[in-house]
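What the coordinates show
Given next are the chains, with one letter for each unit.
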Amino acid sequence: MTTTVGAPGTPRRYFHSLWLLSARDLKVRYSTSALGYLWSVLDPLVMSAIYWFVFTKVFHRSAGEMPYIIFLISALLPWVWFNSSVGDFTRAFKKDSRLVRSTAIPRSIWVNRIVLSKGIEFLFSLPVLVIFVAANMLFETDPDNLAHVGWGILWFPVAIVWQTVLLIGLGLLVAPLCALYTDLERTTALILRALFYATPIIYSVRDLPGVFETIGAFNPLAGIFSLYRMAFFPDQWDPKAIVIGLIMTAVIFVLGVWTFRTLERPVLKEL
């Protein structure tokens, strides 16, 4: 067994355990639900349909690009990954407190398994985006409303890696703080609700007026989402948002690592 999964304390053993925990989370999620996999796509799909209807059929839309439904979904899918991961970070240690206390695996695994399992769910949801893009290219007759898949799609995996790093940093920051201060769990939920509208999902950073465009660039998700959208909307390339977002991600990651190392012992005592 040791030769298969690696000796205790080795990176190979760590990643093997990480995969087992993430797979367990996915099995529990899908085996206890009648709809199973569909839940990975229903939430962003319904949200996209609502916003598409409101901003294209009810009100005159002045933000975003056409086709608007693809503009929405290309940001809503990674937002669901972000939102669900941060929500689970608040319960990362309390949910499996016995295992956290009793196992010798580095405790960061309880954060990273959330990032991985939710990331896999994000990958499972990508066929929704593919279907909408294919349908648009096949049936859309208006050239101004036609999606184009260009070289920008090469930035898609870069955005996935970038978002993974951001989530790990946030997890290492949020998980120990929420374990020590219970009220932060509800506070985080409120922040996530506000962050949805402060993040360029139903609009782009460039749609923000004046100084708010610069302020919006300090949200790392602004740069990340611009890279996701580059696959279909080359005009979404925003060097300022990308550079500022990378700096903010590095700051969050370093702060997360420092916070986690500082609070690890107090968290174990609290559990």
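Here goes a summary of the coordinates provided. (Residues numbered from 1 in each chain as written. Predicted model: local features only at pLDDT ≥ 70, side-chain atom pairs only at ≥ 80, totals over all residues. Heavy atoms only, no water.)

**Comments concerning the overall build of the protein chain**
- Across its full length, the protein chain holds 11 helices and 0 strands.
- Going from N to C terminus, the protein chain has its helices and strands arranged as α-α-α-α-α-α-α-α-α-α-α.
- Every one of the 271 residues in the protein chain was classed for burial, and the buried ones make up 46%.
- Looking at the protein chain alone, contacts between residues at least 24 apart form 79% of all its contacts between residues at least 6 apart.
- Working note: accessible area of the protein chain is about 14200 Å², and carbon and sulfur atoms make up 69% of it. (Helix = DSSP H or I, 4+ residues; strand = E, 2+ residues; numbered from the N terminus. Buried < 20%, exposed > 50% of the residue type's maximum accessible area, 1.4 Å probe, protein only. Contact = heavy atoms within 4.5 Å. Areas by Shrake-Rupley, 256 points an atom, 1.4 Å probe, with all protein chains shown as cover.)

**Re the side chain of asparagine 112**
- Of note, asparagine 112 is situated in helix α6 (residues 109-139).
- Accessibility expressed as a relative area gives 15% for asparagine 112, which makes it buried.

**Quick word on helix α4 (residues 68-89)**
- Its 22 residues give α4 an end-to-end C-alpha distance of 32 Å, which sits within 8% of 32 Å, the value for a rise of 1.5 Å per residue.
- The buried fraction of α4 is high, at 19 of 22 residues. (Expected span 1.5 Å × (residues − 1).)

**Re the pattern of salt bridges**
- Overall, the coordinates contain 4 salt bridges when judged by the stated rule.
- Among the ionic pairs, arginine 91 bridges to aspartate 88, the shortest N-O distance being 2.8 Å.
- By relative accessible area, aspartate 88 is classed as partly exposed at 22%.
- Aspartate 238 serves as the salt-bridge partner of arginine 206, at 3.9 Å between the closest nitrogen and oxygen. Note that arginine 206 is positioned in the loop between α8 (183-198) and α9 (211-217) and aspartate 238 in the loop between α10 (220-229) and α11 (239-270), a separation of 32 residues in sequence.
- Assessed through its relative accessible area of 43%, arginine 206 is described here as partly exposed.
- Judged by relative accessible area, which is 7%, aspartate 238 ranks as buried.
- Within the structure, one salt-bridge network assembled from shared partners comprises Asp88, Arg91, Lys118 and Glu185. (Salt bridge = Lys/Arg side-chain N within 4 Å of Asp/Glu carboxyl O.)

**Some remarks on the packing of α4 against α6**
- At their nearest, the axes of α4 and α6 sit 9 Å apart, and the two run at 165° to each other. Taken as axis vectors, α4 and α6 run roughly antiparallel relative to one another. You can see that α4 and α6 cross each other, and the crossing is right-handed.
- Tallied by class, the residues present in the contact of α4 with α6 amount to 16 nonpolar, 6 polar and 2 charged. (Axes fitted to C-alpha atoms, helices over the stretch in contact; angles between N-to-C directions. Parallel < 35°, antiparallel > 145°, perpendicular 65-115°, else oblique. Left-handed = near helix turned anticlockwise from the far one by under 90°. Nonpolar A, V, L, I, M, F, W, Y, C, P; charged D, E, K, R; others polar.)

**As for the nonpolar core**
- In terms of nonpolar packing, the biggest core is built from 63 residues, with Phe82 and Phe89 touching the most fellow members.
- Sort the elements by how many residues they give to this core and α4 lands first, with 14 residues.
- Setting aside residues up to four positions removed in sequence, phenylalanine 82 forms contacts with Gln163, Leu166, Leu167, Leu170, Leu192, Leu195 and Leu221. (Core = buried A, V, L, I, M, F, W, Y, C linked by side-chain atoms within 4.5 Å.)

**Section: the packing of aromatic side chains**
- Considering all chains together, one arrives at 13 aromatic pairs under this definition.
- The interplanar angle of 70° and the centroid separation of 4.9 Å between the aromatic rings of phenylalanine 156 and tyrosine 228 together place this pair among those described as edge-to-face. Of this pair, phenylalanine 156 sits in helix α7 (residues 155-180) while tyrosine 228 sits in helix α10; the two residues are 72 residues apart in sequence, bridging distant segments of the chain.
- Overall, the relative accessible area of 0% leaves tyrosine 228 in the buried class.
- For the ring pair phenylalanine 232 and phenylalanine 233, a centre distance of 6.4 Å and an interplane angle of 75° mean the geometry is edge-to-face.
- A connected cluster of aromatic rings, assembled from ring pairs, spans Trp81, Phe122, Phe156, Phe225 and Tyr228. (Phe/Tyr/Trp six-rings, centres within 6.5 Å; stacked < 30°, edge-to-face > 60°.)

**Observations regarding the environment of valine 174**
- Relative to the assigned elements, valine 174 resides in helix α7.
- Separated by 84 residues in sequence, valine 174 and threonine 90 place their C-alpha atoms 6.3 Å apart.

**Digging into the side chain of glutamine 163**
- Inspection of the secondary structure assignment puts glutamine 163 in helix α7.
- Not counting the four nearest positions on each side in its chain, glutamine 163 is found in contact with Pro78, Trp81, Phe82, Ile224 and Tyr228.

**Some thoughts on the packing of α10 against α11**
- Running from N to C, α10 and α11 point in directions that differ by 125°, and their axes come no closer than 7 Å. With respect to α11, the element α10 is oriented oblique. The interaxial crossing formed by α10 with α11 has left-handed handedness. Residue-level inspection shows Pro220, Gly223, Ser226 and Leu227 of α10 in contact with α11, the latter providing Ala241, Ile242, Gly245, Met248, Thr249 and Ile252.
- Here the residues of the contact of α10 with α11 are counted per class, giving 6 nonpolar, 4 polar and no charged.

All quantities given are derived from atomic positions and should not be read as evidence of function.
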